[in-house]
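Okay, here's what each chain looks like letter by letter:
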Amino acid sequence: MKITPIPAGTRDILPAEAAEIRYLESTIRAVFQSYGYGEVITPALELESALEKAGEKRFRRSFRLFDERGDVMVMRPEMTTPIARLVATRMADREPPFRLCYFANSFRPTTPQRGRQSEFYQAGLELLGGNGPAADAEVLAVLCGSLEACGLDDFSVALGESSFFRALLESLGVGGKASEAIFEALVARDLVRLTAEVVALDLPTEDRQMILDATSLRGGSEVLARAKDMVRSPGMEEALKRLARTYYLVTRHGFSGRILFDLGIFRNFDYYTGIVFEVLSGGLGFPIGGGGRYDALLARFGRPMPAVGFALGLDRLHIAVTEQGRVPVPARGGVMLVGGFDQTLDLARELRAAGITVAVTAAGVDAGEAVRLAAGADLRWAVIPVSEGDSFRLEEVGGEAARSEGKMHGAGAAGAGAAVHAGGADVLSREEIVKRLAG
Amino acid sequence: MDRSPLNPGILKLAVPRGSLFAGSLDLLEKIGFDVGELRANDRKLTFEVGEGRTIITTRPSDVPTYVEYGAADAGIVGKDVLLEHKRNVYELADLGFGGCRVVYATPEGRDPEDEELKHLGAMRVATKFPNITRDYFEGLGKQVETIELRGSIELAPQVDLAEGIVDLAASGETLKQNNLVERAEIAVCSARLIANRVSLRLKADMINELTRRLKEVTN
């Protein structure tokens, strides 16, 4: 039969992978909660008229449909704007600051590739109503803490300050079309075009060089010193001071080794107003996530307040953690119980009461088949009744495979889980099974 | 392998086999890469060219793909390939060699464009660069049907497969031999240094150094 397809850019996730992704999610949720972030759930569909308040550009690339009145609905392409809407409406009677987080799917049409899908799943948070380096540093600390808790060793946060470069252009009197062209080249990551635009400026060679140098300020904390030499206006000084203070506070949070500086980050330059950052992992060619300060957004929903936040791509994080060879899901347990539909219901109930996963299969399945079924369902054990009475044979999934290949080390190393042979003295009673698996 | 930030192990550079190959090797040799083996061996695909440096050789149009995915940290590629494939990479420097132009050409004599557009609403343009072609004509507000070919683009108008072509031109000799006239210059291209957006930060020192030295020897 022909394979039934799903839309391009979407994907199905099977139990083993889903367990890993959910594990990462629950790990991150615990870290978010430890900083006092409360989870919100918002609709996957938003009215276009509502989202457009955030700026039409941000939503141009989205899936759209119509509701029964003919109003245009958008499949949310990100979560920050829905949260801004929520804070301005549902939480209008509460006082900031708000610490909100989400674990949600968003949608954006794209040419799919690994780590880039039209439907993607994110973990993120927003700190609304908090201003200055203290708030910025908290968000960066939660970010680093979450990634470390997930077991990701190899990551850095590239940190920039969008107002530094803006203030530099202002101080040099570069505005209007010229600065627009410069930002366009930067957003396109086209430094050849940037050079051409800058060379065309009516400025002393020195100043033109300074613009180019400012976009390539990246590296460790020595970047702050290099940037300091460029300061030529109070705006630049202010931006740099904030950045240095934020870095200092992140250090105090215990994450100094995670920060890299990159004053050439230009994510959505018309959106971010202060710090802006991307999470990078050496094993991955694209960022795992990113964020920044967006102090202008909430005013568009009628409730002006500063805000900072980030989003992590859970799929991407999962790839990064897997690239390290570590999938930190707790050890697999659980039992495939033969006859558990009816004949061995008592044992099934007792095992579940003891906190053990029990999947069941019909009576009459032999030990080999039971082990195969257990393996297929990602369970560790198979339990097979051996007589009419109350005795059972216990097989471990790995142990069976090892034995059939004539290797004994697997069975021996399993300790309490050593496979027990039927017919011998090792057949276990119901009580013994429960005791051994729960122990 | 030490993969800690700012002290990453190896810089992987993608170099295109094809018309930019010799020029790329000349440049890399000038900045101290040991490229002797690359010149000698045209079957091998990866080369160690000094402490902490690896070169991989690929089809020209694949270079941005390797770099976007991070399989190579940086690469050398023609601007025409970048314009056509629009990969998510940093374009760091114009390396100044491998100059060529992307042009729009139609048969000699009266330009068939007006008649086609007037009566049929759209004209057919044969090309290896469907995206560049679409962007160019969209920018002019003209409808075209792009016909994607892999080679011998200049043949298409002669056998009435298309009214015009969009193709690379160096001297213009090929166009002339096939009775084609250049009607517009769409882009001027040369070899570019590109980098992966994560490598650019995590291997900032190595990539900055590579960029600086390549710029030195090209200026």
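Keep in mind the model is a prediction, meaning the values are calculated, not measured.

**Describing helix H3 (residues 80-89) of chain A**
Helical periodicity: at 3.6 residues per turn, an α-helix aligns residues three or four positions apart in one direction. Residue and element names in this part refer to chain A. The buried count for H3 comes to 9 of 10 residues, which makes it a mostly enclosed element. All buried positions along H3 are accounted for by Thr 80, Thr 81, Pro 82, Ile 83, Ala 84, Arg 85, Leu 86, Val 87 and Ala 88. Buried residues along H3 sit against strand E2 (45-47), helix H2 (48-51), strand E5 (98-107) and strand E6 (119-128).

**So, the sheet that holds strand E15 (residues 381-385) of chain A**
All names here are of chain A. Spatially, the 5 strands line up as an open sheet ordered E14-E13-E15-E16-E17, and their pairing is mixed. Across the chains shown, the open sheet's two edge strands, defined by having one partner strand only, are strand E14 (358-361) and strand E17 (428-429). Of the pairings in the sheet, the one linking E15 to strand E16 (residues 391-396) comprises 5 bridges and is antiparallel in character. Bridge pairing in E16 links Pro 385 to Phe 392. Each of strand E13 (335-338), E14, E15 and E16 touches helix H13 (residues 367-376); the most contacted strand, E15, lies at about 150° to it.

**Overview of the confidence of the model for chain B**
In regions of low pLDDT, the predicted coordinates are not meant to be interpreted in detail. Predicted confidence across chain B gives a mean pLDDT of 88, with 95% of residues reaching 70 or more. Predicted confidence is poor over residues 1-7 of chain B, with pLDDT under 50, and the contacts of this stretch with residues over four places away or in other chains come to 14 contacts.

**Re the side chain of Lys 203 of chain B**
Residue and element names in this part refer to chain B. With respect to the helices and strands, the residue Lys 203 is situated in the loop between helix H9 (199-202) and helix H10 (204-218). The class of Lys 203 is buried, set by a relative accessible area of 17%. At a separation of 3.0 Å, a polar atom in the side chain of Lys 203 contacts the side chain of Asp 73.

**Here we look at the nonpolar core**
Core analysis: the largest hydrophobic core is formed by 106 residues, its most contacted members being Phe 165, Ile 211 and Leu 317 of chain A together with Leu 28 and Leu 193 of chain B. Looking at this core element by element, the count peaks at 9 residues for helix H4 (residues 132-149) of chain A. Of all hydrophobic cores here, the second largest spans 33 residues; its members include Val 40, Ala 158, Ile 265 and Leu 280 of chain A.

**Observations concerning the pairing of E5 of chain A**
Residue and element names in this part refer to chain A. Burial analysis of E5 places 8 of its 10 residues in the buried class, which makes it a mostly covered element. As paired strands, E5 and E6 are joined by 10 bridges and run antiparallel to one another. Residue pairing for E6: Phe 98 is matched across the bridge by Leu 128.

**Observations concerning the interface of chain B and chain A**
Listed as interface residues are 24 residues of chain B and, on the opposing side, 27 residues of chain A. Summed over both sides, the interface between chain B and chain A buries roughly 2200 Å², with carbon and sulfur atoms accounting for 52% of that surface. Taken together, chain B and chain A are joined by 4 salt bridges. The shortest N-O distance in the salt bridge between Glu 278 of chain A and Arg 201 of chain B comes to 2.4 Å. Where chain B touches chain A, the interface holds 7 residue pairs in polar contact (both at pLDDT 80 or more). It is strand E5 (residues 90-94) of chain B that provides the largest number of residues to the side of chain B that touches chain A, a total of 5 residues.

**Re the domain arrangement of chain A**
Segmenting chain A into domains produces domain 1 (15-323) and domain 2 (335-438). Taken over C-alpha atoms, the centre of domain 1 of chain A sits 50 Å from the centre of domain 2 of chain A.

**Things to note about a nonpolar patch on the surface**
Residue and element names in this part refer to chain B. A grouping of Leu 155, Val 159 and Leu 161 is seen on the molecular surface, where their side chains present a nonpolar patch of about 250 Å² in accessible area. Residue position: Leu 155 is located in helix H7 (residues 155-158). Take Leu 155: its relative accessible area is 45%, and that puts it in the partly exposed class.

**Description of the pattern of salt bridges**
All told, the structure shown has 42 salt bridges over all chains when counted by the stated rule. Between Arg 430 of chain A and Asp 346 of chain A there is a salt bridge, with its nearest N and O atoms 3.7 Å apart. Taken together, the positions of Arg 430 of chain A in helix H16 (residues 430-438) and Asp 346 of chain A in helix H12 (residues 345-353) put the pair 84 residues apart, joining distant regions of the chain. By relative accessible area, which is 35% here, Asp 346 of chain A ends up partly exposed. Lys 44 of chain B is paired through a salt bridge with Glu 37 of chain B; the nearest N and O atoms lie 2.8 Å apart. The exposure class assigned to Lys 44 of chain B is partly exposed, which follows from its relative accessible area of 33%. Taken together, the salt bridges that share partners define one network made up of Asp 190 of chain A together with Lys 79, Glu 91, Asp 94 and Arg 192 of chain B.

About the thresholds
- Residues numbered from 1 in each chain as written.
- Chains lettered and ligands numbered in written order.
- Predicted model: local features only at pLDDT ≥ 70, side-chain atom pairs only at ≥ 80, totals over all residues.
- Heavy atoms only, no water.
- Buried < 20%, exposed > 50% of the residue type's maximum accessible area, 1.4 Å probe, protein only.
- Helix = DSSP H or I, 4+ residues; strand = E, 2+ residues; numbered from the N terminus.
- Contact = heavy atoms within 4.5 Å.
- Pairing = 2+ DSSP bridges.
- Axes fitted to C-alpha atoms, helices over the stretch in contact; angles between N-to-C directions.
- pLDDT = per-residue confidence, 0-100.
- Polar contact = N/O pair within 3.5 Å; in protein donor to acceptor, adjacent residues only side chain to side chain.
- Core = buried A, V, L, I, M, F, W, Y, C linked by side-chain atoms within 4.5 Å.
- Buried area = accessible area lost by both parts, 1.4 Å probe.
- Salt bridge = Lys/Arg side-chain N within 4 Å of Asp/Glu carboxyl O.
- Domains from an automatic or database assignment.
- Patch = residues over 30% accessible without salt bridge, like charges linked within 9 Å, V, L, I, M, F, W, Y side chains within 5 Å.
- Areas by Shrake-Rupley, 256 points an atom, 1.4 Å probe, with all protein chains shown as cover.

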